[in-house]
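Fold and geometry: a report
These are the residues of each chain, in order.
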Amino acid sequence: MANGQWYPPEWPERIRALAEGTLTPVVPRRAATVMLLRDTGPGPGSEETRSGSGDTGSGSGSEDTGSRPAVHMLRRRASMAFAGGAYAYPGGGVDPRDDDHHVRWAGPTRAWWASRLGVDEAAAQAIVCAAVRETYEEAGVLLAGPAADTVVGDTTGDDWESDRAALVARDLSFAEFLDRRGLVLRSDLLGAWTRWITPEFEPRRYDTFFFVAVLPEGQRTRNASTEADRTVWIRPAEAMDGYDRGELLMMPPTIATLRQLGAYGTAAEALATAPGRDMTPVLARARLVDGELVLSWPGHDEFTKHIPTGGASA
């Protein structure tokens, strides 16, 4: 393997079925994921937390004399049926219960978000709620506060953990959680970055909205996810190097967004540019060319994959 690009072993067979017209694509489920950023100074570029640990502690990282933002990533457990061992960002599916429950809201209006995301207002609220909820569920970071210009400070107490566990179990919707806590959702702390849709030949498909956010002052990340065995703060350049060497497994949307983030000198700079980014969905294409299947992502040539029709992937 020349790099850390992750492909499911069943893809060739499913791509052939799609090309032959014997596979009916499933409807993608809406999802949200958040690239949480923080600024770093010169020196080692990564800090990590393993499963069961508390706040992020120091870890080894490559030396870098410059100051660049780091992004919070998690490694999916090897036992996971999908993308086991791959690095990703906190994220998950949209909860339809957050569509129509009016929440206290700060920042751009729901109408603005609907236009930005290309959906209706109810869906826009649910997608933004999913982004904030998943960041809290998987990283312990909450982009909400008691007022429109505040964020909560410490979310590590037993009562907070009880609510977080109820969210994970879906016993509590995020809108209900905000109401119970008297919190305002800070949509102004999020920036919509890009949108990727799972290829049509996948059995589980997601229409995923990628957001960027800056770690709020006073909050710390922790490995709160049951799906991850490691979390890490890592500079995009360092993560890209690990991927290019084949040491860090990632799916195409993850490495593509890391390459985009690597252009920014501060977390705030990345967040400030988000409103101007193109949100046209990226959807992989599979086609038969000269006796082989060609898998490609428009605008991302590095992920093009050639798969012989007779068997294993190239």
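A few points on the structure. Only a predicted model underlies this, so the values are computations on that prediction, with no experimental measurement involved.

Further remarks concern the overall build of the chain. Check the secondary structure of the chain and you find eight helices and 17 strands. Taking all 314 residues of the chain together, the buried fraction comes to 53%. Long-range pairs, those at least 24 residues apart, make up 71% of the contacts in the chain with a sequence separation of at least 6. Looking at the chain as shown, the accessible area adds up to about 13400 Å², and 49% of this sits on carbon and sulfur atoms.

So, on to the side chain of Ser 187. Along the chain, Ser 187 turns up in the loop between β9 (184-186) and β10 (190-197). With residues near it in sequence (within four places) discarded, Ser 187 still touches Trp 105, Ala 106, Gly 107, Pro 108, Trp 113 and Val 128.

Here five bridges tie strand β16 (residues 292-297) to strand β17 (residues 300-308), and the two strands are oriented antiparallel to one another. Of the residues in β17, the one forming a bridge with Leu 293 is Ile 307. From the end of β16 to the start of β17, which pair antiparallel, there are two residues, and Gly 299 there has a positive phi angle of about 85°.

Listed as buried for helix α2 (residues 110-117) are Arg 110, Trp 113, Ala 114, Arg 116 and Leu 117. Buried residues of α2, viewed axially, fall in a sector of 165°; they line one side. On its buried face, α2 sits against β7 (105-106), α3 (121-139), β10 and β11 (206-214). Just past α2, the residue Gly 118 takes up positive phi, approximately 75°.

Turning our eyes to something else, we now look at unusual backbone geometry. Although it is not a glycine, Arg 170 adopts a positive phi angle of roughly 65°. Relative to the helices and strands, Arg 170 is located in the loop between α4 (158-168) and α5 (174-181).

A few words on the pattern of salt bridges. A full pass over the atoms with the stated rule returns 16 salt bridges. A salt bridge links Arg 75 to Asp 229; the shortest N-O distance between them is 2.8 Å. Residue Arg 75 is found in strand β4 (residues 69-76), and its partner Asp 229 is found in strand β12 (residues 228-234); the two are separated by 154 residues along the sequence. The partner of Glu 161 in a salt bridge is Arg 164, and the shortest N-O contact between them spans 2.8 Å. With Glu 161 and Arg 164 both in helix α4 and three residues apart, this pair spans about one turn of that helix. Given a relative accessible area of 8%, Arg 164 falls into the buried group. One salt-bridge network, in which partners are shared between bridges, spans Asp 98, Arg 133, Glu 134, Glu 137 and Arg 170.

Each value, and the rule that gives it
- Residues numbered from 1 in each chain as written.
- Predicted model: local features only at pLDDT ≥ 70, side-chain atom pairs only at ≥ 80, totals over all residues.
- Heavy atoms only, no water.
- Helix = DSSP H or I, 4+ residues; strand = E, 2+ residues; numbered from the N terminus.
- Buried < 20%, exposed > 50% of the residue type's maximum accessible area, 1.4 Å probe, protein only.
- Contact = heavy atoms within 4.5 Å.
- Areas by Shrake-Rupley, 256 points an atom, 1.4 Å probe, with all protein chains shown as cover.
- Pairing = 2+ DSSP bridges.
- Arc of directions from axis to C-beta.
- Salt bridge = Lys/Arg side-chain N within 4 Å of Asp/Glu carboxyl O.

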